[in-house]
Amino acid sequence: MQFKHPEILYFLFLLIVPILVHLFQFRRFKKEYFTNVRFLSALSVQTRKSSKIKKLLLLSCRLLLLSCIIVAFAQPFFEAKDKENATNEMYIILDNSFSMQAKGKKGELLKRAVQELLEDTPENTTFSLLTNSEDFWDTDIKSIRSSLQNLKYSATPFQLDPILAKIKGHKSAFKKDIIIITDGVGLTEQQLKNRDKNDVPYFILPKAEQKNNTSIDSVYINEISDDFYDITVELSHYSADLKAIPIAVYNENKMVAKTAVNFETKKKSINFTIAKQPFHGYVSITDNGLSYDNTLYFTISKIKKTNIISIGEPEKSNFLSRIYTDNEFNFVNSTIRSLDYNSVEKQDVIILNELDDIPEALQTTLRSFVEKGGSLVVIPSERDTAANLNQFLGNFGVIQFKSFENVEKLITKINFNHPLFKAVFENRITNFQYPKTNGSFTISNTNAAALYNDDQSTFLTALPNAISTVYVFSAPINTKNSNFQQSPLIVPTFYKMAMNSQPKGINLFTIGNPNPFLVDVTLSKDAVLTVTNSSESFIPIQQIINDKVKLTFNDYPEEAGNYGIYNQKELLENISFNYDRTESNLSAVNENVLSEYKIIDSVANVFDTLQSNRLDNQIWKWFVIFALLFLVTEMAIIRFMK
């Protein structure tokens, strides 16, 4: 025990005063006995003993009363356990991602966390509150009450490290207490490494009572016939309960198909056949889990033919004309001598088909073509040199050609995870009729290949750019050097390269994904495009590229849905946006990550813990109470004790 004013304890010497008074009252007197009161002698002895006990009790009460008063004025206290952190600043991180839609014992996790903050945060406490989408610096609970009550779920998945980086960048002379309120979905040990080692984190982990959930992951066109689209919807089921889930497809809010999905496994694909016409709608399911991932919006644009030119000798391009048919493509072949450079900019895909040399003028044109969103396919010639290829392809990415070798190689491995082959094969085949090459270049690059040779060298790779892709073969595929043209792989490979690795006609974006979108429109320098639906409108980042406009959306829009791209009041293109599906698995919580950190079960307990550990335990009030008790005891002794 310590004292705030220890000098007052010197007044304890005043205790000698009641002792002296007591001794004065006990001084001896000469006794005289009278005959008429002698019979009271026995009673006098008893009364004298009772009076002595009474005076001793009164002395004790007065000594204790005076002692308690003096000690109370000295203000005794027990020093706090965590006194050195008493001046820490407070930061509250609130996870408002979609996984917090899950229901706990008292309702949705986010709404309950907000309610606890409003009820249990002391009004005089200054703190900073950071969420996935909003920041409130140096505020108090009164100032942000309305904002907290109206806090919406964020399309940005919860990532702790960038929020900790913000706090770390908020320079202060004091240490920081960081209260993190999250369900822990997707939380990793790596995300905690960005915090300052002097900061003190406290975790509040609200838990969902119901962790079953079904999510719509993606939709794509599986097959196109003369009158219909065959679309595939991919779903994930995070539950041991395998009961059927209803699913329906809507076009312009009108139902066009409906069925039920039975889950034998956690992943399920289901096909729908819809009319071959522009589509602007969504696919929806009904489950008892999270609601944000129950709807996937998508748009199928009006079919436009893809413009493709193959630059090379006609006899080497015959196989391409059989793949790029007139119903889907505008395909032409041109030799390098007869090439019209003005037509290059109008193409969607350019194939350099075994050119012995690429002229400097064509290299410049192709660099501009790729920068503006065009796809380029490079099939090398055995007569070209590795140095020339490296110089040209170095404009598009990191890749290195080595000398041509006349060694036979089999093409034996398909990278099914490569964007080029996404949703192409129903089953991951490993045994097929392997095509071969008689001679090839050795390619070295950092990107994963789409097709591999039997010695694990690259046969086909891709150099992805911001809005385009450059595909590179390691060997000529003419019939003299290879039988790849007779392989079943030839059609899906070149077809998907022509589609620029995207499902044909699908305009579907994930909110927060920086991938750009090209709109075919000619704008003046002062004109801007807007993206609009019935509830939201925004102007995306845009760049005019000849007769196209490149749009970049970043974190917009804020809400998923179907939107239109407008030039003033003219609708140019429909487009759809969806939330990221990374928070759908409510069981993806690794509490072992937090084994070294303090976990507290409620907001109220956090503040109670901080107060009890950081504030000195003042006990002078107890001495005042004891003083009053001794005063009452003294009065009772005087009044009732004879």
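Residues numbered from 1 in each chain as written. Predicted model: local features only at pLDDT ≥ 70, side-chain atom pairs only at ≥ 80, totals over all residues. Heavy atoms only, no water.

**Here's the deal with the overall build of the protein**
And step 1. The helix and strand tally for the protein stands at 12 helices and 37 strands.
And step 2. Residue burial in the protein is summarised as follows: out of 642 residues, 46% are buried.
And step 3. Excluding contacts between residues fewer than 6 apart, the proportion of contacts in the protein whose partners are at least 24 apart in sequence is 70%.
And step 4. Of the roughly 34,400 Å² of accessible surface on the protein, a fraction of 52% belongs to carbon and sulfur atoms. (Helix = DSSP H or I, 4+ residues; strand = E, 2+ residues; numbered from the N terminus. Buried < 20%, exposed > 50% of the residue type's maximum accessible area, 1.4 Å probe, protein only. Contact = heavy atoms within 4.5 Å. Areas by Shrake-Rupley, 256 points an atom, 1.4 Å probe, with all protein chains shown as cover.)

**Comments concerning the pattern of salt bridges**
And step 1. Evaluation of the coordinates by the stated rule reveals 11 salt bridges.
And step 2. Salt-bridge contacts for Lys-316 lead to Glu-354; the nearest nitrogen and oxygen are separated by 3.2 Å. Pair noted here: Lys-316 is in the loop between β17 (306-311) and α6 (318-323) and Glu-354 is in the loop between β19 (349-353) and α8 (360-371), with a separation of 38 residues, a long-range link. (Salt bridge = Lys/Arg side-chain N within 4 Å of Asp/Glu carboxyl O.)

**Details of the sheet that holds strand β20 (residues 375-379)**
And step 1. A sheet is described by the order of its strands in space; here 9 strands give the open sequence β18-β17-β19-β20-β27-β26-β25-β22-β23, paired in mixed fashion. In the strand order of this sheet, the two ends are held by β18 (329-334) and β23 (436-437), each with one partner.
And step 2. Running at roughly 145° to β19, α8 makes contact with β17, β19, β20 and β27 (469-473) of the sheet.
And step 3. Set on the sheet, helix α9 (residues 386-393) makes contact with β19, β20, β26 (458-464) and β27; between it and β20 the angle comes to about 170°. (Pairing = 2+ DSSP bridges. Axes fitted to C-alpha atoms, helices over the stretch in contact; angles between N-to-C directions.)

**Looking at the nonpolar core**
For soluble globular proteins, the rule of thumb is that nonpolar side chains tend to be buried together.
And step 1. Counting residues in each nonpolar core, the largest one holds 52 residues, and the members touching the most others are Leu-94, Leu-148, Ile-181 and Phe-553.
And step 2. Here this core gets 6 residues from one element, more than from any other, and that element is helix α3 (residues 109-120).
And step 3. With 32 residues, the next largest nonpolar core counts Tyr-324, Ala-450, Tyr-471 and Leu-489 among its residues. (Core = buried A, V, L, I, M, F, W, Y, C linked by side-chain atoms within 4.5 Å.)

**So, the sheet that holds strand β12 (residues 245-251)**
And step 1. Taken together, the 9 strands give an open sheet; going across it, the order is β13-β12-β15-β16-β28-β35-β34-β30-β31, and neighbouring strands pair in mixed fashion. Either end of the sheet is taken by a strand with one partner, and the two such strands are β13 (254-261) and β31 (537-538).
And step 2. For strand β30 (residues 529-532) and β31, the ladder comprises 2 bridges, and the chain directions are antiparallel. Note that in β31 the partner of Thr-532 across the bridge is Ser-537.

**Some details on a nonpolar patch on the surface**
And step 1. Residues Phe-11, Leu-14, Ile-16, Val-17, Ile-19, Leu-20, Val-21 and Leu-23 make up a contiguous nonpolar surface patch of roughly 710 Å² in combined accessible area.
And step 2. If you trace the backbone, Val-21 turns up in helix α1 (residues 16-25).
And step 3. Judged by its relative accessible area of 43%, Val-21 is partly exposed. (Patch = residues over 30% accessible without salt bridge, like charges linked within 9 Å, V, L, I, M, F, W, Y side chains within 5 Å.)

**Description of helix α5 (residues 160-169)**
And step 1. All of the buried residues in α5 are Leu-160, Ile-163, Leu-164 and Ile-167. The arc that holds the buried residues of α5, viewed along the axis, is 100°, so those residues lie on one side.
And step 2. On the buried face of α5, the contacting elements are β3 (89-94), β6 (127-131), β8 (176-181) and β9 (200-204). (Arc of directions from axis to C-beta.)

**Things to note about the packing of aromatic side chains**
Two measures describe an aromatic ring pair: the distance that separates the ring centres and the angle between the ring planes.
And step 1. With the rule as written, the count across this model stands at 27 aromatic pairs.
And step 2. When the ring of Phe-509 is compared with that of Phe-553, the centres are 5.5 Å apart and the planes differ by 65°; the resulting orientation is edge-to-face. Taken as a pair, Phe-509 in strand β28 (residues 506-510) and Phe-553 in the loop between β33 (548-552) and β34 (561-567) lie far apart in primary sequence, 44 residues in all.
And step 3. The class of Phe-553 is buried, set by a relative accessible area of 3%.
And step 4. By way of ring pairs, the aromatic residues Phe-509, Phe-517, Phe-538, Phe-553, Tyr-556, Tyr-563 and Phe-577 are connected into one cluster. (Phe/Tyr/Trp six-rings, centres within 6.5 Å; stacked < 30°, edge-to-face > 60°.)

**Considerations on the environment of Leu-235**
And step 1. Mapped onto the fold, Leu-235 is located in strand β11 (residues 228-238).
And step 2. We classify Leu-235 as buried; its relative accessible area is 1%.
And step 3. Taking the C-alpha atoms as reference points, Leu-235 and Ser-218, 17 residues apart in sequence, are found 7.3 Å from one another.
And step 4. Look past the residues within four positions of Leu-235 in its chain and what remains in contact with it is Thr-214, Ser-215, Ile-216, Asp-217, Ile-247, Phe-263, Lys-266, Lys-267, Lys-268, Ile-270 and Ile-285.

**Re a positive patch on the surface**
And step 1. Side chains of Lys-168, Lys-171, Lys-193 and Lys-197 sit close together on the surface and give a patch of like positive charge.
And step 2. Structurally, Lys-193 is set in the loop between β8 and β9.
And step 3. Residue Lys-193 is classed as exposed on the basis of its relative accessible area of 54%. (Lys, Arg positive; Asp, Glu negative; His and termini not counted. Charge placed at Lys NZ, Arg CZ, Asp CG, Glu CD.)

**Some thoughts on helix α12 (residues 620-640)**
And step 1. Counted at 1.5 Å a residue, the expected span for α12 with its 21 residues is 30 Å, and the 30 Å between its end C-alpha atoms agrees.
And step 2. Taken together, the buried positions of α12 are Phe-623, Ala-627, Glu-634 and Ile-637. End-on, the buried residues of α12 take up no more than an arc of 90°, which puts them together on one face. Structural note: α12 exposes Lys-621, Trp-622, Leu-628, Val-632, Met-635, Arg-639 and Phe-640 on the side pointing more than 90 degrees away from its buried face. (Expected span 1.5 Å × (residues − 1).)

**What about the pairing of β19?**
And step 1. Among the 5 residues that make up β19, 5 are buried, leaving the element largely enclosed by the rest of the structure.
And step 2. Residues Val-349, Ile-351 and Asn-353 of β19 are buried on one face, and the alternating residues Ile-350 and Leu-352, pointing to the opposite face, are buried as well.
And step 3. Bridge count between β17 and β19: 4 bridges; the pairing is parallel. In the strand pairing of β19, Ser-310 is matched with Ile-351.

**Structural notes on the environment of Ile-300**
And step 1. Position of Ile-300 relative to the elements: it lies in strand β16 (residues 295-300).
And step 2. Accessibility expressed as a relative area gives 1% for Ile-300, which makes it buried.
And step 3. A sequence separation of 22 residues divides Ile-300 from Pro-278, and the C-alpha atoms of the two residues are 5.4 Å apart.

**So, unusual backbone geometry**
Negative phi is the rule for most residues except glycine; trans is the rule for most peptide bonds.
And step 1. Here Tyr-556 and Pro-557 are connected by a cis peptide whose omega angle stands at 0°.
And step 2. Looking at the element boundaries, Pro-557 is found in the loop between β33 and β34.
And step 3. The backbone of Asn-253 shows a phi angle near 65°, a positive value even though the residue is not glycine.
And step 4. Its place among the elements puts Asn-253 in the loop between β12 and β13.
And step 5. We classify Asn-253 as exposed; its relative accessible area is 63%.
And step 6. Residue Gln-568 is not a glycine yet carries a positive backbone phi of 60°.
And step 7. The residue Gln-568 is located in the loop between β34 and β35 (570-578) in this model.

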